[in-house]
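Okay, here's what each chain looks like letter by letter:
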Amino acid sequence: TTVCSIYNDTLFASSAIQSNLNLDDRHDIMMPLGFTFNFYGQPYTNCVVSSNGYVTFDTSLANTYSPYSINSPIPNPGSIPENAILAPWQDINPGINGDIYYELKGNYPNRKYIITFCQIGMFSCTDSLTTTQIILHEGTDKIEMFIESKPLCLAWNGGNAIQGLVNIGNTTADIVFDPILLAYRNFPLQWSAYNEGWEFVPNGSNYLINSIPYVAK
């Protein structure tokens, strides 16, 4: 690719499927991954994306309400989201601006399923845009998470957001530790992030969380 003039490298979704999810606080339709992905030791071939920044493997939630209010830390048994990747979970609104994209890339046995939350406005702070991406890896079951921009909207829901993973039943969680604030990105921490990369590597019944370079996929 030859680029003439100024070029800003950023997250994007090439040859991707654009979601029709343009509603606030909603779960999308069930989407096929294209391969089997193991999450907390359980195999899945489909997922459901929330307009509030998370992906769940509970396909019964397709086309249903997605909670936005964060008032307790994860894990929180009996509550949604569960069995989910929180990238992060926060109150955003694609009904105002931004889009969600799905993409299957690569070849067997090393395919990747990519979910991109692109330039979506924070609820009540609609000029503050968030762009994040989740990548599920076939075979290794590794999860990558990239944050281009995650602003802080103190005007709504206390600015709360949670980044990490949570299992079925919401009994176990693996939460990112903020390298600046030196605290877990869980309720009630107020945090922001830009140009970050994280990987979640299966390790028995939990995950190892590592900081990785931020790259566009």
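Above this text you will find the structure in question.
About the criteria used
Residues numbered from 1 in each chain as written. Predicted model: local features only at pLDDT ≥ 70, side-chain atom pairs only at ≥ 80, totals over all residues. Heavy atoms only, no water. Phe/Tyr/Trp six-rings, centres within 6.5 Å; stacked < 30°, edge-to-face > 60°. Helix = DSSP H or I, 4+ residues; strand = E, 2+ residues; numbered from the N terminus. Buried < 20%, exposed > 50% of the residue type's maximum accessible area, 1.4 Å probe, protein only. Lys NZ or Arg CZ within 6 Å of the ring centre and 35° of its normal. Pairing = 2+ DSSP bridges. Salt bridge = Lys/Arg side-chain N within 4 Å of Asp/Glu carboxyl O. Core = buried A, V, L, I, M, F, W, Y, C linked by side-chain atoms within 4.5 Å. Contact = heavy atoms within 4.5 Å. 1 Å grid on protein atoms, 1.4 Å probe; cavity = no way out; pocket = protein on both sides within 12 Å on 5 of 7 lines; lining within 4 Å. Points joined across faces, edges and corners; volume = space filled by probe spheres on them. Nonpolar A, V, L, I, M, F, W, Y, C, P; charged D, E, K, R; others polar.

A. The packing of aromatic side chains, seen in detail. In total, this model carries 12 aromatic pairs according to the counting rule given. With centroids separated by 6.0 Å and ring planes inclined at 25 degrees, the aromatic side chains of Y68 and W156 adopt a geometry described as stacked. Of this pair, Y68 sits in the loop between β4 (54-56) and β5 (84-89) while W156 sits in the loop between β9 (143-150) and β10 (162-166), and the two are 88 residues apart along the sequence. Arranged with centres 6.4 Å apart and planes meeting at 75 degrees, the rings of F146 and Y214 form a pair that is edge-to-face. Placement of F146 in strand β9 and of Y214 in the segment after β15 (206-212) is noted, with a sequence separation of 68 residues between them. Under the relative-accessibility criterion, F146 is labelled buried at 1%. Positioned above the aromatic ring of W191 is the side chain of K150, whose terminal nitrogen or guanidinium carbon lies 4.6 Å from the ring centre.

B. Layout of the sheet that holds strand β14 (residues 193-203). If you walk across this open sheet you meet the seven strands as β1-β6-β7-β8-β9-β14-β15, and the pairing is antiparallel. Here the strands that pair on one side only, and so sit at the sheet edges, are β1 (17-18) and β15. The pairing of strand β8 (residues 125-137) with β9 spans six bridges and is antiparallel. Among the inter-strand pairings, T132 is bridged to a residue of β9, identified as I147.

C. A look at the pairing of β10. Where burial is concerned, most of β10 is hidden: five out of the five residues are buried. Residues of β10 alternate between two faces, with I162, G164 and V166 on one and Q163 and L165 on the opposite face, all of them buried. Relative to β10, β5 is paired through four bridges, and the arrangement is antiparallel. Across the sheet, L86 pairs through a bridge with G164, a residue of β10. Sheet topology note: the β10/strand β11 (residues 173-175) ladder contains three bridges and is antiparallel. Bridge pairing links G164 to I175 in β11.

D. Representation of the pattern of salt bridges. Scanning all chains against the criterion turns up five salt bridges. For the salt bridge of E144 with K142, the shortest nitrogen-to-oxygen distance reads 3.8 Å. K142 is the partner of E199 in a salt bridge, and the nearest nitrogen-oxygen pair spans 3.6 Å. With E199 in strand β14 and K142 in the loop between β8 and β9, this residue pair connects regions lying 57 residues apart in the sequence. Connected through salt bridges with shared partners, the residues K142, E144 and E199 form a single ionic network.

E. Geometry of the nonpolar core. Ranked by internal contacts, the top residues of the largest apolar core, which has 33 residues, are F39, I115 and I143. Of all the elements in the fold, those that place two or more residues in this core are β2 (27-39), β3 (42-50), β5, β6 (99-105), β7 (112-122), β8, β9 and β14. Not counting residues up to four positions away in its chain, the partners in contact with I143 are F37, F39, I85, I134, I135, L136, L165, W198, E199, F200 and Y207. Counting residues in each nonpolar core, the second largest holds nine residues, with Y54, A84, I162 and I175 among its members.

F. Examining empty space enclosed by the protein more closely. Taken as a whole and assessed by the stated rule, the structure comprises one cavity of 30 Å³ or more. Here the largest cavity is characterised by a volume of approximately 70 Å³. A class-by-class count of the residues in the lining of the largest cavity yields five nonpolar, four polar and two charged.

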